[in-house]
Structures are given as C-alpha cells and as structure tokens.
Amino acid sequence: MSALPNNSPTSLVRPAIAAIDGYVPGEQPQAGKWVKLNTNENPYAPSPAVARALAATAAGRTLAKYPDSTATAFRRRAAEVLGVEPDWIICGNGSDDLLTILVRTFVGESECLRMPYPSYILYRTLAGIQGAGCDEVHYQRDWSLGEDFTRPRDDLRLAIIANPNSPSGTLLPPARVAEIAARLPCAVVVDEAYGDFSETNCLGLVKDNPRVIVTRSFSKSYALAGLRFGFAVAQPAMIEQLLKVKDSYNCDTLSIAAATAAIDDQAWLADNRVKIIATRRRLIDALRGLGFEALESQANFVWFTHPSRPHKPIYEALKAQGILIRFMNYAGWGDGLRVTVGTDDEIDAFLTCLKTI
Ligand SMILES: *Cc1c(COP(=O)(O)O)cnc(C)c1O
C-alpha cells in the first residue's frame, strides 16, 4: 500500500520556495482618494502619442495575431535614441521581467547573487527562487560602495546595482561602476529604473565591458507603470543568451506599440524630467526646513529621516490623512521614509500635512 500523499503546499513546493518570503510591493489602493506618493509612479499623464498608438493597435485584426516576440519596432526606435544597434536590446514585461530573466540566466542553485544593501529587495527574492544565496554588502554611511563589494567569492555569478539606488536616490558615478564591474569576475547588472532622472548613466559602460547589462523601465520616467514595459542593453552576444531564457511572448502587441510611441516622444520625456527635478528640489529644501535630513536625490523620490522623531508614526499619521508614502525598515541598517515626487499640488498637500504632525 502506498503512503498517502502529503497535501501540505509547503512540503510539495521546492524547498527554496517554502523558505522565502514573497516580495511585497508597495500598497496599491484600488478605491478611495489618496495622494499616492509611495511607489514612485510618475504623477503626470504619459505622452499623448501613447493613447493614439494604443487606439490604432486595438482597431482591426492586429490583436488576433501573436506579438512580435522580440519587439523589433521598439528596438529599432530605441536603438536610434540610445545610440546602439537593435541587437543590443532585449525587451521585457516591465524591468522586473528582465531582472527575472537575468537572475535565471546567471544564478543557479547554491550559487550567489551580490547586491548592495539597502536596495531593491526584489533581487533577494529572485535569488531565493533560484535556491541561490544573496550576498548583501552594506553601503557605506555616505551611500558609496566600499572595496568589500568586489571581494572575490567562488560561487558569485551576478551582481546587481540599482543606480540611482532605491530607497536612497543616490547615484554611484559611472566611473566607479566601471571600476567595480572591471574587478568583479561575474555579470554585472546596472538597474537604471530611475536613469532618466539622473545626471549621468552607465549606458556607455556596455560598450567597454561585455559583462555589463543595463536595465531600463517605462514605469517611472515614461509614466507607464500600468503598461508593463522595460528593456535591457548589453552586447549582442550577451543578448543572444538572455533571449533563450525569456518567455516567447513576454511583451504584448499593445505594450510594444505604446512603448515605441513613448520613446519616440523624447520632447515629452525632457519636459517631464524638468518638472520632476524642479519639484524634487523644492521638496528636499522644504523637508530640510522642517528639521528632517533629506538626501540629495537623482531619482523621482526622496529619502528622509528625522534626527529625533520615530519614523513609523509619521507614515501612519500621513496615511490617516489620505497621504501614502513609504516607511522602510531595513534589518541591520535602520529605517526611514521615502516619498515620491508628485505634482506640485500633491507635494504641497504632503508638506502641509507633515507640518501639522
Ligand atoms: C520600479 C523599479 C523597478 C521595476 O520596474 P518595472 O519596469 O515597473 O518592473 C526595477 N528596479 C527598481 C530599482 C525599481 O525601483
């Protein structure tokens, strides 16, 4: 007689899955009127060219067919904008999809992914899904990376650096990232989800180092978080390997058309960037005026702490007034608050409420 099957999901799934906590994204309330400054969405409407592209694509029989599996139209246009060739680009269903592809490509069971800490916690989750280790190297107090980030390790297969970093909004200079990448023996991903808001970026490193991969997102700078589109740039031989790992149709026809229209409208991007950066300046100065320590930011959010007040009650009091920001508590590091650069009106509402707390 065979033993009864064990129906407990935690014993049915791979041990690596049972062992991890799933990644928990920021709250996305589906009802009610919120001033939503918690997940770094762009507060403005995307380029009007996006709606036109979506309408044109939805008409007729286009959607009856499978999408172009490598988003050729997008890659052609993006290549012109970025100054590379189309075969240097792979597209994804948001840059999170590309991060999944990258971790699956490089990091096997019992191997290791290295990331700075604190940073985007999804990297740790993706390593966990692989049954791999995550080597979290603490940022220095000034948010630079020390020599311990490049120390050798036999099982090291991939390093991921968010640059600008979240939650700090700080940027490692491209020359420093180039140095780190040159010293590391493994593939190095520079997650530039916020790269369009920063003064410099690491796209140029891809040409010099075949191990460097830069990822970009349409969720923040292009105001298309609901669309799900991102891409990565690397040398063609590297892209060829990544293409083997992605789902055949990881980007749908609508998102490819919309993202192509969005990247074609660089005037919209430049105008939006100016607005966000101006509001960011005002926000940082106002927070400092209220006695907070607010970091200079190269992204569309600001990390701030108070020298004496506990942070969680501030987050809670704002939430009670309908203003959602992010309270972050990093084990072994400390906690703080992250606020997205919203419209000027949203930031005024946030600051007015903060003054009363
Ligand atoms: C928002 C964010 C992403 C995810 O971007 P999507 O394109 O929406 O998947 C990736 N990395 C970092 C650091 C982010 O903040």
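Source: prediction; values computed, not measured.

Rules used in this analysis
- Residues numbered from 1 in each chain as written.
- Predicted model: local features only at pLDDT ≥ 70, side-chain atom pairs only at ≥ 80, totals over all residues.
- Heavy atoms only, no water.
- Core = buried A, V, L, I, M, F, W, Y, C linked by side-chain atoms within 4.5 Å.
- Buried < 20%, exposed > 50% of the residue type's maximum accessible area, 1.4 Å probe, protein only.
- Helix = DSSP H or I, 4+ residues; strand = E, 2+ residues; numbered from the N terminus.
- Domains from an automatic or database assignment.
- Contact = heavy atoms within 4.5 Å.
- Buried area = accessible area lost by both parts, 1.4 Å probe.
- Salt bridge = Lys/Arg side-chain N within 4 Å of Asp/Glu carboxyl O.
- Polar contact = N/O pair within 3.5 Å; in protein donor to acceptor, adjacent residues only side chain to side chain.
- Arc of directions from axis to C-beta.
- Phe/Tyr/Trp six-rings, centres within 6.5 Å; stacked < 30°, edge-to-face > 60°.
- Lys NZ or Arg CZ within 6 Å of the ring centre and 35° of its normal.
- Patch = residues over 30% accessible without salt bridge, like charges linked within 9 Å, V, L, I, M, F, W, Y side chains within 5 Å.
- Areas by Shrake-Rupley, 256 points an atom, 1.4 Å probe, with all protein chains shown as cover.

### Considerations on the nonpolar core
Generally speaking, nonpolar side chains in soluble globular proteins are found buried as a group.
Point 1. Counting 54 residues, the largest nonpolar core has Phe74, Ile89, Phe218, Phe229 and Val233 as its most contacted members.
Point 2. If one sorts the elements of this core by residue count, helix 10 (residues 253-264) sits on top with 5 residues.
Point 3. When residues of this core are sorted by domain, at least three fall in each of domain 1 (10-39 + 267-356) and domain 2 (48-265).
Point 4. Other than its neighbours up to four places away in sequence, Phe74 contacts Cys91, Phe218, Phe229, Phe231, Ile256, Ala259, Thr260 and Ile263.

### A short note on the side chain of Asn272
Point 1. Within the secondary structure, Asn272 is located in helix 11 (residues 266-289).
Point 2. Judged by its relative accessible area of 2%, Asn272 falls in the buried class.
Point 3. Non-local contacts of Asn272, meaning those with residues more than four positions away in its chain, are made with Asn42, Tyr44, Phe197 and Ser221.

### Structural notes on the domain arrangement of the protein
Point 1. Taken domain by domain, the protein holds domain 1 (10-39 + 267-356) and domain 2 (48-265).
Point 2. On a C-alpha basis, the centres of domain 1 and domain 2 stand 23 Å from each other.
Point 3. Counting residues at the interface gives 28 residues for domain 1 and 35 residues for domain 2.
Point 4. Around 2,800 Å² of area is buried between domain 1 and domain 2 when both sides are counted, 60% of it from carbon and sulfur atoms.
Point 5. Of all residues in domain 1, Tyr23, Gln298 and Trp333 bury the most surface against domain 2, accounting for 30% of the area lost on that side.
Point 6. Along the contact surface separating domain 1 from domain 2 lie 0 salt bridges.
Point 7. Taken together, domain 1 and domain 2 are joined by 11 residue pairs in polar contact (both at pLDDT 80 or more).
Point 8. Contributions of two or more residues to the side of domain 1 that touches domain 2 are made by helix 2 (15-19), helix 11 and strand 10 (301-305).
Point 9. If one sorts the elements of the side of domain 1 that touches domain 2 by residue count, helix 11 sits on top with 8 residues.

### Quick word on helix 4 (residues 72-82)
Point 1. Taken together, the buried positions of helix 4 are Phe74, Arg75, Ala78, Ala79 and Leu82. Within helix 4, the buried residues cover an arc of 130 degrees as seen down the axis, which keeps them to one side. Exposed positions of helix 4 whose direction lies more than 90 degrees from the buried face are Arg76 and Glu80.
Point 2. Buried residues along helix 4 sit in contact with strand 2 (89-92), strand 7 (212-217), strand 8 (230-233) and helix 10.
Point 3. Gly83 sits one or two positions beyond helix 4 and adopts a positive phi of about 75 degrees.

### Some remarks on the packing of aromatic side chains
In this description, a pair of aromatic rings is defined by centroid distance and the angle of the planes.
Point 1. In total, this model carries 17 aromatic pairs according to the counting rule given.
Point 2. With a centroid separation of 5.6 Å and 85 degrees between ring planes, the pair formed by Phe218 and Phe229 is classed as edge-to-face. With Phe218 in the loop between strand 7 and strand 8 and Phe229 in the loop between strand 7 and strand 8, this pair connects stretches of sequence that are 11 residues apart. Residues Phe218 and Phe229 agree in their burial class; the two are buried.
Point 3. Counting every residue linked through ring pairs, the aromatic cluster contains Phe74, Phe218, Tyr222, Phe229 and Phe231.
Point 4. Stacked on the ring of Phe301, the Lys or Arg Arg338 has its end atom at 5.4 Å from the ring centre.

### Here's the deal with a nonpolar patch on the surface
Point 1. A cluster of nonpolar side chains, namely Leu12, Val13, Ile17 and Ile129, defines an oily patch on the protein surface of about 300 Å² accessible area.
Point 2. Along the chain, Val13 turns up in the loop between helix 1 (9-12) and helix 2.
Point 3. For Val13, a relative accessible area of 35% gives the class partly exposed.

### So, the environment of Ser168
Point 1. Along the chain, Ser168 falls in the loop between strand 5 (156-162) and helix 7 (174-183).
Point 2. When near neighbours in sequence (up to four residues on either side) are disregarded, Ser168 contacts Trp143, Leu295, Glu296, Phe301 and Trp303.
Point 3. Of note is the side chain of Ser168, whose polar atom sits 3.0 Å from the side chain of Asn165.
Point 4. At 2.6 Å, the side chain of Ser168 and the side chain of Thr170 are in polar contact.

### Comments concerning the pattern of salt bridges
Point 1. In this structure the tally under the stated criterion is 21 salt bridges.
Point 2. Ionic pairing is found between Glu147 and Arg176, a salt bridge with its closest N-O pair at 3.7 Å. Taken together, the residues Glu147 in the loop between strand 4 (133-138) and strand 5 and Arg176 in helix 7 connect sequence positions 29 residues apart.
Point 3. For the salt bridge of Arg216 with Asp196, the shortest nitrogen-to-oxygen distance reads 3.8 Å. Placement of Arg216 in strand 7 and of Asp196 in the loop between strand 6 (187-191) and helix 8 (205-208) is noted, with a sequence separation of 20 residues between them.

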